[in-house]
Amino acid sequence: MRNSCEILPQDITALQEMMSQFLLQKRAHLDIWFVQKMSQTSYELPKAPEAEVYSPSQVQTLL
């Protein structure tokens, strides 16, 4: 009797075939998904520190 949780090699082969057929038929979807995934960063970029605001007199003094 086959264990219902067991994954047989032919199951993997069948899944691979289904995925291959889907990707061949839906190439435009794959292109869009791939571009979206590759253009997203996978981490939070550090925030730039707030710029100091100088008054005109401070600028003159610094120059």
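*Asks:* Before we move on, could you go through the pattern of salt bridges and cite the residues and values that matter?
*Replies:* Here the structure, examined in full by the defined rule, presents 1 salt bridge. Between Arg27 and Asp31 there is a salt bridge whose closest N-O contact spans 2.8 Å. A residue pair is termed a helical-turn pair when its members lie 3 or 4 positions apart in one helix, as Arg27 and Asp31 do in helix H2 (residues 27-39) at 4 residues. Take Arg27: its relative accessible area is 53%, and that puts it in the exposed class. For Asp31, a relative accessible area of 35% puts it in the partly exposed group.

*Asks:* I'd love a proper account of the confidence of the model for the protein, names of residues and values included.
*Replies:* For the protein, per-residue confidence averages 85 on the pLDDT scale, and 97% of positions sit at 70 or higher. Per-element averaging of pLDDT across the protein places H2 at the bottom with 84 and helix H3 (residues 56-62) at the top with 90.

*Asks:* Account for a nonpolar patch on the surface, with residues named and values stated.
*Replies:* Taken together, the side chains of Phe22, Leu23, Leu30, Trp33, Phe34 and Met38 define a hydrophobic patch exposed on the protein surface, amounting to about 610 Å² of accessible area. The dominant element in the nonpolar patch, judged by the number of residues it contributes, is H2, at 4 residues. Tracing the chain through its elements places Phe22 in helix H1 (residues 9-25).

Criteria and cut-off values
Residues numbered from 1 in each chain as written. Predicted model: local features only at pLDDT ≥ 70, side-chain atom pairs only at ≥ 80, totals over all residues. Heavy atoms only, no water. Salt bridge = Lys/Arg side-chain N within 4 Å of Asp/Glu carboxyl O. Helix = DSSP H or I, 4+ residues; strand = E, 2+ residues; numbered from the N terminus. Buried < 20%, exposed > 50% of the residue type's maximum accessible area, 1.4 Å probe, protein only. pLDDT = per-residue confidence, 0-100. Patch = residues over 30% accessible without salt bridge, like charges linked within 9 Å, V, L, I, M, F, W, Y side chains within 5 Å. Areas by Shrake-Rupley, 256 points an atom, 1.4 Å probe, with all protein chains shown as cover.

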